[in-house]
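A structural walkthrough
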Amino acid sequence: MYNFDFTRPSSIKDAVAAIGAGGQALSGGQTLIPTMKARLAMPETLVSLTGIQEMKGICTNDAGQICIGAATTHAEVAREVAKSYPALSDLAGHIGDPAVRNRGTIGGSLANNDPSACYPSAVLGSGAIVKTNAREIAADDFFQGMFTTALEEGEIITEVKFPVPQKANYQKFVQPASRFALVGVFVAKFADGVRVAVTGASGEGVFRWTEAEAALSKDFSAAALDGVAAPSADGMISDLHGTGAYRAHLVKVMTARAVAAA
Amino acid sequence: MTQVKLSVNGKEMSAEVEGRTLLVEVLRDKLGLTGTHVGCDTSQCGACTVHVNGRSMKSCSVLALDVAGAEVTTIEGMANPDGSLSVIQAAFKEHHGLQCGFCTPGMVMTAAALLKENPKPSEAEVRAYLEGNICRCTGYHNIVKAILAASGQDVAAIAAE
């Protein structure tokens, strides 16, 4: 790993200033540090967000949304929302392994937008709001393709606000070696309809499977998917772990399992 | 170079580090605590697992300066004050939970983290918790058995496999 200057501000304001001056944001570092070791990234200045208390912790706001500070670890989310949003807790509690969950953060995961990461599916599936130092971004606008988000240069995620659905579930088909999602599907049933968000499958990153949403909004049952064709294999990730057609097939299978388990 | 202060196994320690210095490098190279191992150096194998402020972390994937001031516990801090093996360490010995021993420091630290969170885990819970710790010798059976035994559960019925 090439050397760099390291700074650990204690406020969002100071962090934004340091990043604006050319620094690279560092959250839990469970992706960035291995990436830097491989010399695939070589920032001159790292700005750690782990010392910012106002970006940590979980609360419920007046609108009933669960508000999670961006620097909150996966393990904390898994523990804290176990009763208030079990599907989100279950997802957070199965990211990586226990040591990674004690370090990795929700904000870091979302800003990276790895096409096989779990969190993007919960955020898109819940119709959550990504709050930054500058604005609020709807999940539907936030994810813009593999490793690409709506974040501007120098903008950092400070909080994520989750509406709580009536029912929800996340089903992950793990790639047996890496334990990343080969395909993961987050299903959330709200009073005004169902959202289905798929991670791991598409070369464009997380996406909503709208055909399934339409069928499940009429009838929230696994059987309602019988008449829905699996999404097209075009654009699905195809690698030695599974072809695009296999992933497309898994999307439907995992969606049905999520509905049955919700 | 910047000075980083840590409380390691209850002792206040400090070292001169660069921005890129990893926690495991401070422990091994600066403080001489070589019980914590580096296996893969890509945060997959878990041999470098230590506790930071009571939580298990992979010390090869944490920058030393990012945990300045933290309380760190390593395998050297796991034995009883009189030097005898802790319950978990003794169970690993009793149930042959190690062969070459390279992964063992990480396994013991992860086991300690598990039993703190979940004092009576099921076998499935033990196996799931060990997902980030790789052992290439034992096939895991005796590690799982040792952890179940350390939790005070009867493992007599579990055959040696």
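Residues numbered from 1 in each chain as written. Chains lettered and ligands numbered in written order. Predicted model: local features only at pLDDT ≥ 70, side-chain atom pairs only at ≥ 80, totals over all residues. Heavy atoms only, no water.

**Section: the domain arrangement of chain B**
Residue and element names in this part refer to chain B. Going by this rule: Domain borders in the structure are assigned automatically or taken from a domain database. Contact definition: two residues touch when any of their heavy atoms are within 4.5 Å. Buried area adds together the accessible area that both of two parts lose upon being put together, with accessible area traced by a 1.4 Å probe. Here a salt bridge means any side-chain nitrogen of Lys or Arg lying within 4 Å of a carboxyl oxygen belonging to Asp or Glu. Pairs of N or O atoms are called polar contacts if they sit within 3.5 Å, as long as, within protein, a hydrogen donor faces a hydrogen acceptor (for residues adjacent in sequence, only side-chain-to-side-chain pairs). The numbering of helices and of strands both runs from the N terminus, where a helix is a DSSP run of H or I of at least 4 residues and a strand a run of E of at least 2. Amino acid classes used here: Ala, Val, Leu, Ile, Met, Phe, Trp, Tyr, Cys and Pro are nonpolar; Asp, Glu, Lys and Arg are charged; the rest, including Gly, are polar.
In terms of domains, chain B is made up of domain 1 (2-77) and domain 2 (87-150). For domain 1 and domain 2, the distance between their C-alpha centroids amounts to 21 Å. Each partner contributes residues to the interface: domain 1 has 18 residues there, and domain 2 has 16 residues. Between domain 1 and domain 2, the buried area comes to about 1200 Å², and carbon and sulfur atoms account for 60% of it. Of all residues in domain 1, His37, His51 and Ile75 give up the largest surface area on contact with domain 2, accounting jointly for 38% of the area buried on that side. One can count 0 salt bridges joining domain 1 with domain 2. Along the contact surface separating domain 1 from domain 2 lie 7 residue pairs in polar contact (both at pLDDT 80 or more). For the side of domain 1 that touches domain 2, the elements supplying multiple residues, two or more each, are strand E3 (49-52) and strand E4 (55-58). Residues that form the side of domain 1 that touches domain 2 fall into these classes: 5 nonpolar, 11 polar and 2 charged.

**Some details on the packing of aromatic side chains**
Residue and element names in this part refer to chain A. Selection rule: Classification of ring pairs rests on two measures: the distance between centres of Phe, Tyr or Trp rings, Trp counted by its six-membered ring, which must be within 6.5 Å, and the angle between planes, read as stacked under 30 degrees, edge-to-face over 60 and tilted in between. Buried, partly exposed and exposed residues are distinguished by accessible area as a fraction of the type maximum, computed with a 1.4 Å probe on protein chains only: under 20%, between the cut-offs, and over 50%, respectively.
Tallied over the entire structure, the rule returns 5 aromatic pairs over all chains. Consider the rings of Tyr85 and Phe186, whose centres lie 6.3 Å apart with planes at 75 degrees: the pair is edge-to-face. Of this pair, Tyr85 sits in the loop between helix H3 (74-80) and helix H4 (86-92) while Phe186 sits in strand E10 (residues 181-190); the two residues are 101 residues apart in sequence, bridging distant segments of the chain. Judged by relative accessible area, which is 2%, Tyr85 ranks as buried. Judged by its relative accessible area of 0%, Phe186 falls in the buried class. Where Phe173 meets Tyr246, the ring centres are 6.4 Å apart and the plane angle is 85 degrees; that geometry is what we call edge-to-face. Taken as a pair, Phe173 in strand E9 (residues 167-174) and Tyr246 in helix H10 (residues 244-261) lie far apart in primary sequence, 73 residues in all. An aromatic cluster of at least three residues, connected via ring pairs, comprises Tyr85, Phe162, Tyr170 and Phe186.

**Re the domain arrangement of chain A**
All names here are of chain A. Its domain assignment divides chain A into domain 1 (5-162) and domain 2 (167-261). A straight line from the C-alpha centre of domain 1 to that of domain 2 covers 23 Å. In this complex, domain 1 contributes 23 residues to the contact, which on the side of domain 2 involves 21 residues. The partner of Arg208 in a salt bridge is Asp140, and the shortest N-O contact between them spans 3.1 Å. The interface formed by domain 1 and domain 2 contains 8 residue pairs in polar contact (both at pLDDT 80 or more). Of all elements in the fold, only H4 and helix H7 (119-126) reach the threshold of two or more residues within the side of domain 1 that touches domain 2. Counting residues per element, the side of domain 1 that touches domain 2 draws most heavily on H7, at 6 residues. Looking at the side of domain 1 that touches domain 2 residue by residue, the class counts come to 12 nonpolar, 8 polar and 3 charged.

**Topic: the nonpolar core**
Formally: The criterion is simple. A nonpolar core is a set of buried Ala, Val, Leu, Ile, Met, Phe, Trp, Tyr and Cys residues joined through side-chain atoms within 4.5 Å.
Core analysis: the largest hydrophobic core is formed by 47 residues, its most contacted members being Tyr85(A), Leu88(A), Leu110(A), Tyr119(A), Val123(A), Phe162(A) and Phe186(A). Split by domain, the residues of this core number at least three in each of domain 1 (5-162) and domain 2 (167-261) of chain A. The contact partners of Tyr85(A), leaving out residues within four places of it in the chain, are Ile66(A), Ser126(A), Phe162(A), Pro163(A), Pro165(A), Ala168(A) and Phe186(A). Counting residues in hydrophobic clusters, the runner-up holds 31 residues, among them Met1(A), Met36(A), Leu23(B) and Leu27(B).

**Details of the environment of His249(A)**
Mapped onto the elements, His249(A) comes out in helix H10. Separated by 115 residues in sequence, His249(A) and Ala134(A) place their C-alpha atoms 40 Å apart.

**Thoughts on the sheet that holds strand E2 (residues 24-26) of chain A**
Strands belonging to one sheet form pairs held by backbone hydrogen bonds; the direction of such a pair is parallel or antiparallel. Residue and element names in this part refer to chain A. Stated formally: Here, a strand pair is defined by DSSP locating no fewer than two bridges between the strands. Between the N-to-C directions of two axes lies an angle of 0 to 180 degrees, each axis being a line fitted to C-alpha atoms and, for a helix, fitted only over the stretch in contact.
Sheet architecture is open: 3 strands sit in the order E1-E3-E2, paired in parallel fashion. The open sheet has two edge strands, strand E1 (5-7) and E2, and neither has a second partner. Mean inter-strand twist for the sheet, computed between neighbouring axes without regard to direction, equals 30 degrees. Of the strand pairs in this sheet, E2 and strand E3 (residues 45-48) are connected by 3 bridges, and their pairing is parallel. The residue of E3 that forms the bridge with Leu26 is Ser48.

**A closer look at the interface of chain B and chain A**
Contact residues are listed per partner, giving 20 residues for chain B and 25 residues for chain A. Between chain B and chain A, the buried area comes to about 2000 Å², and carbon and sulfur atoms account for 52% of it. At the surface where chain B touches chain A, the tally comes to 5 salt bridges. Linking Lys58(B) and Asp97(A) is a salt bridge whose minimum nitrogen-to-oxygen distance equals 2.7 Å.

**Concerning the packing of helix H3 (residues 104-117) of chain B against helix H5 (residues 141-150) of chain B**
Residues and elements named next belong to chain B. The condition that has to hold: In these notes the angle categories are as follows: under 35 degrees is roughly parallel, over 145 is roughly antiparallel, 65 to 115 is roughly perpendicular, and the rest is oblique. Here a crossing is called left-handed whenever its near helix is offset anticlockwise from the far helix by less than a right angle, and right-handed whenever the offset is clockwise.
Where H3 contacts H5, the axes come no closer than 11 Å and their chain directions differ by 40 degrees. Comparing the axis directions of H3 and H5 gives the class oblique. Regarding H3 and H5, the two cross each other, and that crossing is right-handed. Across the interface between the two elements, Met107, Ala111, Leu114 and Leu115 of H3 pack against Ile143, Ile147 and Ala150 of H5. Taken together, the residues of the contact of H3 with H5 sort by class into 7 nonpolar, no polar and no charged.

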